[in-house]
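Structural characterization, general
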Amino acid sequence: MTEKYESPFSSFLWGTATSAHQIEGNNRFNDWWEWEQSGRLKHASGVACDHYRLFRQDIELISKLGHNAYRFSVEWSRIEPEENIWNEVALAYYGDILRELKSRHIEPIVTLHHFTNPVWFMRKGGWLLPDAPALFARFVKKVVSVLGKDVRLWITINEPMIYLYFSYLLGDWPPGNHSFKDSIIVFKNLVRAHVHAYQVIHQIYESALQTQVWVSIAQHMTHMMPCRPNSIRDRLVVTLRRWFVNFLFLEAVQNGMLFFPGLFCEALPRKKSLDFIGINYYSRQFVRSKGWIGADMLGDMCSQDHHGKDICECNSLGWEIYPEGLYQVLKSLRKLKLPVLIAENGICTTDDEQRTRFIRDHVAAVHRAIRESVQVWGYLYWSLVDNFEWDKGFAPRFGIVEVDYQTQTRKVKSSAQELERSCRKLCHGNENHAG
Ligand code: GCO
C-alpha cells in the first residue's frame, strides 16, 4: 500500500446491514404496508422477522458473530405516525437498540430513509411536494436530537436513484407513479432533502453534542460494460449510464449543483454535503445502445440476451455475481477523494457454499482496492437475516442467518464464518500495511 491507512475508527468496520420495514414487522403506517394490503403484491411484510420484538436476541447474535458494526434504519412512519405527532415509544425502541449495540462495542450506522414513507406524507403529495425536503428534515432533526449521542455515522437516504426509478419512473413500487416529469421533481427533492438533512445533523453535533459525526447516502453502484467492446456507440452509452446511475446524485451533492444537460441547472444552498461515500454494490450490467432521444440515451441492459457465455454465476434473482466489479467501482470513486463505506453487498441464494464464495471473493476485491490506496472504512454484508425483499417477498434468501418464518427461529449459516474470517484477514493485512 502506498499511503498509510487513515480511518477515524479503531479498526476496519465490518458486519451486516438491514432495514426497518424488511425485518421489524407491523409497520402499519407506511406506504409499503398500504401497497401490500391493497393486494398488488403476492406477499405482505406482516410480522417480517419479528425483529421489533426480537431485537435483543438479534443483537446478541451479531455480537456472538464477532461483528464490530451494524447498519439499520429507523422507520419514519413509526416515529411520526401522523404529521408532527411523535411516538416516544418508537424513539425509545431505537434508543434501546443503540444501547444494546454500545454495550457490545458495535458501531451503529443509522439510515434515516430506506424506501418507506409515512402514509400521511404520501397523502399530502410525498416526494413531489415542494416542502418534502423540509418535512424530511424536521423528522431528521427529531431523530438526531434524541438518538445522536450514540451515533457517529448517519446515512440520510438509501439508494435515492433506485427509489426514484422504481417508485416514480417505473411505477413498480409505491406510489406507483410512471412519469418522467415527476421523476425530475423527485430527483431534485431527494437531493435537497439530503443537503437539508446534512445541515441539520451537523448543526446538532456542533451546537449540542459537540462530537464528530459523518454523514452520507447509500449510493447503489453497478459496474457497467459495453455489449460490443469495439462499438463506440455502446461505449458512449456505458459512459452516460454510469454517470447517470452511479454519479448523478453524488456529484450533485458534492458540487452543490442540480445539473442535467438541457434539462436543469440550479445551485444548492451548499457544496460538499458528504463526509464519506456509502455504496451498495451487487452486480454488473452489459449495456447496448438504443437511440439518442430521451431515456433511450441510457441504452438497454442486455446481460441475459447476449452474454450467457460471459456470465459464470447468478444469484437466485438472476443478478450476475461479479466481484471484480466491486473493485472497479471502488477505483472509480477515487476521483471524489472521500473515504468509502461499503454499506451493502450481498447475495440471495439457498446454496450457502455459493454465499461463502461470494463473501470471500468480494472482501478480497475490497482488500485489493485498499492496497491500491482506495480508502475503505468498512464492509457491511446484506443482510444479517433473511428478510422481506420488497416486491419479491420472502423467497430471496440474503441472510447469513436463516429465518424460519413459521417459528421465527434463527439459524446461523456457515457463510457467517466466512464473513468473520475474510474481514479479520483484511483487518490484519491492513494493520500490517499501515504499521
Ligand atoms: C436495496 C436495498 C435493500 C435490498 C437489497 C437486496 O439495495 O435495494 O438497500 O433493501 O433488500 O439491496 O436487493
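Above this text sits the structure in question.
Here goes a summary of the coordinates provided.

Reading the values: rules and limits
- Residues numbered from 1 in each chain as written.
- Predicted model: local features only at pLDDT ≥ 70, side-chain atom pairs only at ≥ 80, totals over all residues.
- Heavy atoms only, no water.
- Helix = DSSP H or I, 4+ residues; strand = E, 2+ residues; numbered from the N terminus.
- Rg over C-alpha atoms; globule rule 2.2 N^0.38 Å.
- Buried < 20%, exposed > 50% of the residue type's maximum accessible area, 1.4 Å probe, protein only.
- 1 Å grid on protein atoms, 1.4 Å probe; cavity = no way out; pocket = protein on both sides within 12 Å on 5 of 7 lines; lining within 4 Å.
- Points joined across faces, edges and corners; volume = space filled by probe spheres on them.
- Nonpolar A, V, L, I, M, F, W, Y, C, P; charged D, E, K, R; others polar.
- Near = heavy atom within 4 Å.
- Polar contact = N/O pair within 3.5 Å; in protein donor to acceptor, adjacent residues only side chain to side chain.
- Areas by Shrake-Rupley, 256 points an atom, 1.4 Å probe, with all protein chains shown as cover.
- Expected span 1.5 Å × (residues − 1).
- Phe/Tyr/Trp six-rings, centres within 6.5 Å; stacked < 30°, edge-to-face > 60°.
- Pairing = 2+ DSSP bridges.
- Contact = heavy atoms within 4.5 Å.
- Axes fitted to C-alpha atoms, helices over the stretch in contact; angles between N-to-C directions.
- Parallel < 35°, antiparallel > 145°, perpendicular 65-115°, else oblique.
- Salt bridge = Lys/Arg side-chain N within 4 Å of Asp/Glu carboxyl O.

Looking only at helices and strands, the protein chain features 14 helices and 13 strands. Expected size for 435 residues packed as a compact globule is a radius of gyration near 22 Å; at 21 Å, the protein chain falls within 12% of this value. The dimensions of the protein chain, computed from C-alpha atoms along their principal axes, are 60 × 50 × 45 Å. Taken across its 435 residues, the protein chain has 59% of its residues classed as buried.

The next thing to look at is unusual backbone geometry. The omega angle of the peptide bond from Pro174 to Pro175 is 10°, so this bond is cis rather than trans. In this structure, Pro175 sits in the loop between helix 8 (160-169) and helix 9 (180-209). Although it is not a glycine, Glu159 sits at a positive phi angle of roughly 40°. Note that Glu159 resides in the loop between strand 4 (153-158) and helix 8. Classification of Glu159 by relative accessible area gives buried; the value is 7%.

Here we take up the layout of surface pockets. A volume near 320 Å³ is recorded for the second largest pocket. Elements supplying a minimum of two residues to the lining of the second largest pocket: helix 5 (88-103) and strand 3 (107-113). Sorting elements by how many residues they give to the lining of the second largest pocket places helix 5 first, with 3 residues. A per-class count over the lining of the second largest pocket returns 6 nonpolar, 4 polar and 5 charged.

Quick look at the site of the ligand now. The environment of the ligand is formed by 13 residues, the closest being Gln22, Glu159, Tyr282, Glu344 and Glu389. One of the side-chain nitrogen or oxygen atoms of His114 is found 2.9 Å away from an oxygen atom of the ligand. Considered on its own, the ligand offers 320 Å² of accessible surface; in the complex 95% of this is hidden by protein. Across the shell around the ligand, the residue classes break down as 6 nonpolar, 4 polar and 3 charged.

Now for helix 13 (residues 352-371). Taking 1.5 Å per residue as the helical rise, helix 13 with its 20 residues ought to reach 28 Å, and the 29 Å between its terminal C-alpha atoms agrees with that figure. A side-chain oxygen of the first residue of helix 13 lies 3.0 Å from the backbone nitrogen of Glu353; this N-cap is Asp351.

The next point concerns the packing of aromatic side chains. Both the distance between ring centres and the angle between the ring planes are used here to describe each pair of aromatic rings. Taken as a whole and assessed by the stated rule, the structure comprises 36 aromatic pairs. Arranged with centres 4.2 Å apart and planes meeting at 45°, the rings of Tyr52 and Tyr93 form a pair that is tilted. One end of the pair, Tyr52, is in helix 3 (residues 51-64); the other, Tyr93, is in helix 5, and 41 residues separate them in sequence. Since its relative accessible area comes to 29%, Tyr52 is described here as partly exposed. With 5.6 Å between their ring centres and 85° between their planes, Tyr282 and Trp319 make a pair best called edge-to-face. Within this pair, whereas Tyr282 is found in strand 8 (residues 277-288), its partner Trp319 is found in the loop between helix 11 (303-306) and helix 12 (323-332), the two being separated by 37 residues in sequence.

Before going further, it helps to spend a moment on the pairing of strand 5 (residues 214-226). Buried residues dominate strand 5, accounting for 12 of its 13 residues. In terms of strand pairing, strand 4 meets strand 5 through 4 bridges, oriented parallel. Bridge assignment links Trp154 to a residue of strand 5, and that residue is Val215. Judged from the 8 bridges that link them, strand 5 and strand 8 form a sheet pairing that is parallel. Bridge pairing links Gln219 to Ile279 in strand 8.

With that settled, consider the environment of Trp120. Locating Trp120 in the fold gives a position in helix 6 (residues 119-124). Sequence separation of Trp120 and Ser77 is 43 residues, and the distance between their C-alpha atoms is 8.6 Å. The residues contacting Trp120, other than those within four sequence positions of it, are Trp76, Glu80, Pro81, Glu82, Glu83, Leu135 and Arg138.

A separate point is the packing of helix 3 against helix 5. With their axes 10 Å apart at the nearest point, helix 3 and helix 5 run at an angle of 10° to one another. Of the possible angle classes, the one that applies to helix 3 and helix 5 is roughly parallel. Across the interface between the two elements, His51, Tyr52, Phe55, Arg56 and Ile59 from helix 3 touch Val89, Tyr93, Asp96, Ile97, Glu100 and Leu101 from helix 5. Taken together, the residues that form the contact of helix 3 with helix 5 break down as 7 nonpolar, 1 polar and 3 charged.

Before going further, it helps to spend a moment on the environment of Tyr52. Residues Tyr52 and Trp35, spaced 17 residues apart in sequence, show a C-alpha to C-alpha distance of 21 Å. Apart from the residues within four sequence positions on either side, Tyr52 is in contact with Glu24, Arg78, Val89 and Tyr93.

This paragraph deals with the pairing of strand 8. Of all 12 residues making up strand 8, 11 are buried, and the element is well covered by its neighbours. Looking at chain direction, strand 8 and strand 10 (residues 340-345) are connected through 5 bridges and run parallel. Residue pairing in the sheet places Gly278 in a bridge with Leu341 of strand 10. Bridging between strand 8 and strand 9 (residues 300-301) involves 2 bridges; their strand directions are antiparallel. Looking at strand 9, one finds that Val287 is bridged to Met301.

For the structure shown, the criterion picks out 33 salt bridges. For Glu83, the salt bridge is made with Arg138, and the minimal N-O distance between the two is 3.2 Å. Placement of the pair is Glu83 in the loop between helix 4 (76-79) and helix 5 and Arg138 in helix 7 (residues 132-147), with a sequence separation of 55 residues. Overall, Glu83 belongs to the partly exposed group, its relative accessible area being 30%. For Arg138, a relative accessible area of 26% corresponds to the partly exposed category.

What follows is about the environment of Phe12. Here Phe12 is to be found in the segment before strand 1 (13-17). Through-space distance from the C-alpha of Phe12 to that of Cys423 is 8.2 Å; in sequence the pair is 411 residues apart.

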